[in-house]
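So the chains spell out like this:
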Amino acid sequence: GTCDRTTGLCKCRTGFSGAACERLDCPMGQTPYSKANFLYEAKMCSGNGRCVSLRELSTYEDYTQYFDNTEYTGWDADKIYGCLCDDGWE
């Protein structure tokens, strides 16, 4: 991002957030809210899941994608986020 040294505030690039733009955000997807008028709104994880950190994701075990339920504690555990899809979505 671009940081203003006089205010100490940063303007993050798309896909990043945090005080120093250090967090990789979940993707935004478009979901229809008026099919008749072809209107869409941006929703985190396309509105079909939750945005979770690597740390949280590492605790899941579903026997198809995540085979171990350990806790990831690497330096990026709370810096990288991804979508945990709702049942029936990939």
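Each chain carries its own residue numbering, running from 1 in the written order of its sequence. Thresholds applied to this predicted model are a pLDDT of at least 70 for local features of residues and 80 or more for the giving and counting of side-chain atom pairs; totals over whole chains, interfaces and linings are not thresholded and use all residues. Hydrogens and waters are ignored; side-chain quantities use all the structure's heavy atoms.

A tally of helices and strands in the protein chain yields one helix and eight strands. Elements are defined by DSSP. Helices are runs of H or I of four residues or more, strands are runs of E of two residues or more, and each kind is numbered from the N terminus. Secondary structure of the protein chain in N-to-C order comes out as β-β-β-β-β-β-β-α-β. Counting only residues that meet the buried cut, the protein chain has 16% of its 90 residues in that class. By the convention used here, residues are in contact when the closest approach between their heavy atoms is within 4.5 Å. A sequence separation of at least 24 residues applies to 34% of the contacts in the protein chain between residues at least 6 apart. Carbon together with sulfur atoms contributes 52% to the accessible area of the protein chain, which is approximately 7000 Å² in total. Only protein chains enter the area calculation, which uses a 1.4 Å probe; residues under 20% of their type maximum are buried, those over 50% are exposed, and those in between are partly exposed. What sets the accessible areas is the Shrake-Rupley method with a 1.4 Å probe; for residues, cover comes only from the shown protein chains.

For the rest of this paragraph, the subject is the side chain of D76. Residue position: D76 is located in the loop between α1 (54–57) and β8 (81–85). Residues counted as positive are Lys and Arg, residues counted as negative are Asp and Glu, and His and the chain ends are not counted. Think of a salt bridge as a Lys or Arg side-chain nitrogen and an Asp or Glu carboxyl oxygen that are within 4 Å of each other. Buried charge D76 goes without a salt bridge, the closest partner of opposite sign being R55 at 8.3 Å. Contacts described as polar in this section are N or O atom pairs within 3.5 Å, which, within protein, must combine one atom able to donate a hydrogen with one able to accept it, while residues neighboring in sequence count only if both atoms come from side chains. Of the polar contacts made by the side chain of D76, one reaches the side chain of Y72; its length is 2.6 Å.

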